[in-house]
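Examination of the molecular architecture
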Amino acid sequence: MRKDPTLCRECDKPHYLSDDQAGTEREIERLCSTCYVTFPLIERNNKLENNIEMKKRILGTIEDLCSNFLYYDRKEDEDLSPKDLREAVETGIITIDEMVAEFRKHLTNSFYA
Ligand SMILES: [Zn+2]
């Protein structure tokens, strides 16, 4: 065994490679033996965290969209004020399900068309 001067990219400890390990996946990945074993797990967890963050970001953006639709974009709208919208739902001119269906239609058209 010879000591490799580079450090493991996950734990920053020096990793050790024998000559016959040159060019192996572990060397290319610059991981020590321990991290090489746990790396798929770390990778998966990172991916999962990123996916959760991305999902939160998308849902937060939709929440903003709803605030705009219900309030901020309505404030100056003479044709459809927040009061008009509220009354339309309260009197059954339109239902929440019908509005959701419209939103679904546009999402479906843009992602699967
Ligand atoms: Zn390591």
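Keep in mind it's a predicted model, so treat the numbers as computed, not measured.

From N to C terminus, the chain includes 4 helices and 2 strands. Put simply, the chain runs from its N terminus to its C terminus through helices and strands in the order β-β-α-α-α-α. Against the globule reference of 13 Å for 113 residues, the chain gives a C-alpha radius of gyration of 27 Å, more extended than a compact globule. Put simply, of all contacts in the chain between residues at least 6 apart along the chain, 16% involve residues at least 24 apart.

Turning our attention to unusual backbone geometry. Negative phi characterises most residues that are not glycine, and trans characterises most peptide bonds. Phi at D12 takes a positive value of approximately 65°, unusual for a residue other than glycine. Within the element layout of this structure, D12 appears in the loop between β1 (2-7) and β2 (14-17).

Taking 1.5 Å as the rise per residue, helix α2 (residues 33-72) with 40 residues should run 58 Å; its terminal C-alpha atoms sit 56 Å apart, in good agreement. F39 marks where α2 bends most, by close to 50°; the proline P40 follows one to four residues later.

Here the focus is the environment of E25. Examined against the element boundaries, E25 turns out to sit in helix α1 (residues 25-29). Taking the C-alpha atoms as reference points, E25 and Y36, separated by 11 residues in sequence, lie 9.1 Å from one another.

Positionally, R9 belongs in the loop between β1 and β2. For R9, a count of 13 C-beta atoms within 10 Å translates into the label partly exposed. When the C-alpha positions of R9 and D64 are compared, they lie 39 Å apart, and in sequence the two are 55 residues distant.

Rules and cut-offs
Residues numbered from 1 in each chain as written. Predicted model: local features only at pLDDT ≥ 70, side-chain atom pairs only at ≥ 80, totals over all residues. Helix = DSSP H or I, 4+ residues; strand = E, 2+ residues; numbered from the N terminus. Rg over C-alpha atoms; globule rule 2.2 N^0.38 Å. Contact = placed C-beta atoms within 7 Å. Expected span 1.5 Å × (residues − 1). Bend = angle between axes of the 7 residues up to and from the residue. Buried ≥ 20, exposed ≤ 12 C-beta atoms within 10 Å, placed from the backbone.

Function-wise, these values are silent; they only describe arrangement.
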